[in-house]
Amino acid sequence: MATTYRICPRSGLQFDTDAEKLMRFHAVAGVLSLLVGGIMALGVILTRWPAVKLLPADVFYMVLTAHGIDMLIFWIIFFEMAVLIFASSTLLRCRLAMPKLAWASSWLMVLGAIMTNVAIFQGESSVMFTSYVPMQAKWHFYLGLILFAVGALLICFIFLGTLVVAKAEKTYEGSIPLVTFGALTACIIAIFTIAGGAVILIPTLLWSLGYIREIDSLMYRVVWWAMGHSSQQINVAAHVAIWYAIAAIVFGAKPMSEKVSRTAYFLYILFLQLACAHHLLSDPGLGSEWKVVNTSYFMYFAVLASMIHGMTVPGAIEQAQRLKGYNKGLFEWLRKAPWGNPAFSAMFLSLIGFGFLGGISGVMMGAEQLNMLIHNTIYVPGHFHATVVIGTTLAFMGLTYFLVPVLFKRELMFPGYAKLFPYLFGLSMYIVALVMMGAGTLGVSRRHWDMAFAGAPMAYEWPGAAYLMMGLTGIFGVIACVSGGLWILQIVFSILLGKKLEEGELRSTPIPLTLPAPTTGSHVHPPATPGTLVLALVFLTAFILYYFVNWKYLSSLWGLG
Amino acid sequence: MADQEENIPVMQRWLDNPFLLLFLGITIPTVLYILWGVMEIANIPVAH
């Protein structure tokens, strides 16, 4: 079947029609997973809220399992597959490699997601996201995850194949665009993630079927986290690529330095996955050398990379705004930014929340000694709700506002809610992440159904602040769930009932590459970015203070102060 | 064309090669995290 291309009249982007349908397919599958995971989130929150305690223990652990798997695996990876297809076929203006295989892989992912969800809701696979052995789920829980992973792995190779096609057919000159390079980084981390998952989930499946007698629990934890944590590192690479994309779409911003941004991504490729080890910092069988090399020395290179992106994205926006004349003082460029445009406001809240809440707490947790303060407490979900929900999910949601008219060719319904949504959802998640981390610092457990341990022989008296913070987690968690639910309704209504927009030109051949005319004469020097520098210094100060406070806290606990 | 390719800095040539990046991105965490970690666990004495 011959490839056809659609030229979007609103964005000028050129879509291979197969790739376009696949992007829509993955975006919809992702949003449906988000819907299931979001409903489950309400169950989790309303149970951990001490004054409500909605669900009995067995149902709570089933709901928590579904919430973790649907959010941390299915929602984000479905959406990331759409990002990979967009960043290869659309941004490189070429046909998608092996579209039939891409469709088969996509359906395999859907089959796997349904199978795992069925296993969970049958009630005998309440092993939570981590599924630590010797807890055993039903065989189809593991098989579903394996099928999903195989489908995602094939799409990663299709992404690489599309890069080869684009280079062979000369649809771009020089290096691939920065956003595509970010997607390549996500793809590489995804391949490591999925390979790690295969290494551990295949024997676990055989164990659940009775073909293997036992699996060593520590060995399982080490290899499982190669999948469990790296899957969240795919997010980091993908949402940073989306930050750059939204800065380019909304402001026409160009990266401050392609070299610096690409080097930062290169550091992700080399070192980001090593952060998996911070889940094992309290495990006795692993030596300090392994822990410190992985989570400190090398992970800090990845942290450096995140700080570079955290500076170059707002820096690129500041340059673009100053070139438009917003030059007064340090922050006119930021004050005059389009705060009513949900793609921008979601992206900026994602960037700030990811850096200040997720980034700083992640580095603190990555230090072996400090990790003891909060290991296996609700601080950990506080941290990863800041990275995965505020960092990744909010960025993906912001991008979706751009995709509705461009990819789905529909006018967005309820635009007033779109303006409000990033603040309602984003800021309530800021508070949720903060109070979870606060409760975790006081020692509230990460997963236990009942923080009070009612009826236990050795009850523990929590300070009132712990109950207050868990109550606030409940209140703001419900606000986040309701606003997220309304976002899903808005997107579904827009896609199904929104006003149809012009399709655009359909072509049988891609538009040939047109290179910009060579510039002659004086080179325009990009403006300085003092506002971004001040923001970076504020971040650095917060980082140092928080790090110091935690060492101080640790020394007082150990009685060394 | 050959001259142009020769003028491309080495680092950029590395970053333009997705399969080299794939090799590095798989090998480094596999060696430092998985293999090293599994070897440490395998060397824990078995209790009798």
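Scroll up to find the structure.
Residues numbered from 1 in each chain as written. Chains lettered and ligands numbered in written order. Predicted model: local features only at pLDDT ≥ 70, side-chain atom pairs only at ≥ 80, totals over all residues. Heavy atoms only, no water.

Participant: An account of empty space enclosed by the protein is requested, with residue identities and associated values reported.
Facilitator: One water molecule sets the probe size; rolling that probe over the atoms shows where empty space is left. All names here are of chain A. Using the criterion set out here, one finds 3 cavities of 30 Å³ or more in the structure. In this structure, the largest cavity is lined by Ile-73, Ile-77, Leu-145, Phe-148, Ala-149, Ala-152, Thr-193, Ile-194, Leu-201, Met-227 and Ser-231. Within the residue set of the lining of the largest cavity, elements represented by two or more residues are α2 (57–90), α4 (139–168) and α5 (178–208). With 4 residues, α4 is the largest single contributor of residues to the lining of the largest cavity. Of the residues belonging to the lining of the largest cavity, the class tally is 9 nonpolar, 2 polar and no charged. Here the second largest cavity defines a volume of roughly 50 Å³. For the second largest cavity, the full set of lining residues is Thr-47, Arg-48, Pro-50, Lys-53, Trp-449, Asp-450 and Met-451. The residue makeup of the lining of the second largest cavity, split by class, is 3 nonpolar, 1 polar and 3 charged. (1 Å grid on protein atoms, 1.4 Å probe; cavity = no way out; pocket = protein on both sides within 12 Å on 5 of 7 lines; lining within 4 Å. Points joined across faces, edges and corners; volume = space filled by probe spheres on them. Helix = DSSP H or I, 4+ residues; strand = E, 2+ residues; numbered from the N terminus. Nonpolar A, V, L, I, M, F, W, Y, C, P; charged D, E, K, R; others polar.)

Participant: Outline the packing of aromatic side chains, listing residues and values.
Facilitator: All names here are of chain A. Taken as a whole, this structure holds 32 aromatic pairs over all chains when the rule is applied. Ring geometry for Phe-25 against Trp-103: centres 5.5 Å apart, planes inclined by 80 degrees, an arrangement best described as edge-to-face. Taken together, the positions of Phe-25 in helix α1 (residues 17–48) and Trp-103 in helix α3 (residues 99–121) put the pair 78 residues apart, joining distant regions of the chain. Classification of Trp-103 by relative accessible area gives partly exposed; the value is 23%. Between Trp-75 and Phe-396, the aromatic rings sit 5.9 Å apart at their centres with planes inclined by 70 degrees, giving edge-to-face as the arrangement. Linking Trp-75 in helix α2 with Phe-396 in helix α13 (residues 379–406), this pair joins segments that are 321 residues apart in sequence. Accessibility assignment for this pair places Trp-75 and Phe-396 in one class, buried. Grouped by ring-pair contacts, the aromatic residues Tyr-401, Tyr-417, Phe-421, Phe-425 and Trp-487 constitute a single cluster. Above the ring of Tyr-132, the side-chain terminus of Arg-221 is found at 4.7 Å from the ring centroid. The lysine or arginine in question, Arg-262, covers the ring of Phe-181, its NZ or CZ lying 5.4 Å from the ring centre. (Phe/Tyr/Trp six-rings, centres within 6.5 Å; stacked < 30°, edge-to-face > 60°. Buried < 20%, exposed > 50% of the residue type's maximum accessible area, 1.4 Å probe, protein only. Lys NZ or Arg CZ within 6 Å of the ring centre and 35° of its normal.)

Participant: Residue-level account of the nonpolar core, with values.
Facilitator: With 194 residues, the main nonpolar core has Phe-141, Leu-184, Met-347 and Trp-487 of chain A together with Tyr-33 of chain B as its most contacted residues. No other element matches α2 of chain A, which puts 21 residues into this core. Discounting residues that sit within four places of it in the chain, Leu-184 of chain A has contacts with Phe-159, Leu-160, Leu-163 and Ile-176 of chain A together with Pro-18 and Leu-21 of chain B. Core analysis: the second largest hydrophobic core is formed by 7 residues, Val-303, Ile-360, Val-363 and Phe-543 of chain A among them. (Core = buried A, V, L, I, M, F, W, Y, C linked by side-chain atoms within 4.5 Å. Contact = heavy atoms within 4.5 Å.)

Participant: Provide a residue-level description of α3 of chain A, including the pertinent values.
Facilitator: Residue and element names in this part refer to chain A. The end-to-end C-alpha separation of α3 is 33 Å, in line with the 33 Å expected for 23 residues at 1.5 Å each. Among the residues of α3, Ala-102, Ser-105, Ser-106, Met-109, Val-110, Gly-112, Ala-113, Met-115, Thr-116, Asn-117, Ala-119 and Ile-120 are the ones counted as buried. Lining the buried residues of α3 we find α1, α2 and α4. The first or second residue beyond α3 is Gly-123, which carries a positive phi of 95 degrees. (Expected span 1.5 Å × (residues − 1).)

Participant: Hey, could you go over the interface of chain B and chain A for me, with residue numbers and the actual values?
Facilitator: Contacts between the two partners involve 23 residues from chain B and, on the opposite side, 34 residues from chain A. Carbon and sulfur atoms make up 81% of the area that chain B and chain A hide from each other, which totals about 2600 Å². Contact with chain A buries area across many residues of chain B, yet Leu-15, Tyr-33 and Ile-41 of chain B alone supply 26% of it, more than any other trio. Between the two partners, chain B and chain A, sit 0 salt bridges. On the surface where chain B and chain A come into contact, there are 8 residue pairs in polar contact (both at pLDDT 80 or more). For the side of chain B that touches chain A, the secondary-structure elements that each account for two or more residues are α2 (10–15) and α3 (18–42) of chain B. It is α3 of chain B that contributes the most residues to the side of chain B that touches chain A, 18 residues altogether. Within the side of chain B that touches chain A, the residues separate by chemical class into 17 nonpolar, 4 polar and 2 charged. (Buried area = accessible area lost by both parts, 1.4 Å probe. Salt bridge = Lys/Arg side-chain N within 4 Å of Asp/Glu carboxyl O. Polar contact = N/O pair within 3.5 Å; in protein donor to acceptor, adjacent residues only side chain to side chain.)

Participant: Requested: an account of the environment of Lys-259 of chain A, with residues and values cited.
Facilitator: Residues and elements named next belong to chain A. Along the chain, Lys-259 turns up in helix α8 (residues 258–271). Accessibility expressed as a relative area gives 70% for Lys-259, which makes it exposed. Distance from Lys-259 to Leu-178, taken between C-alpha atoms, is 9.7 Å for residues 81 residues apart in sequence.

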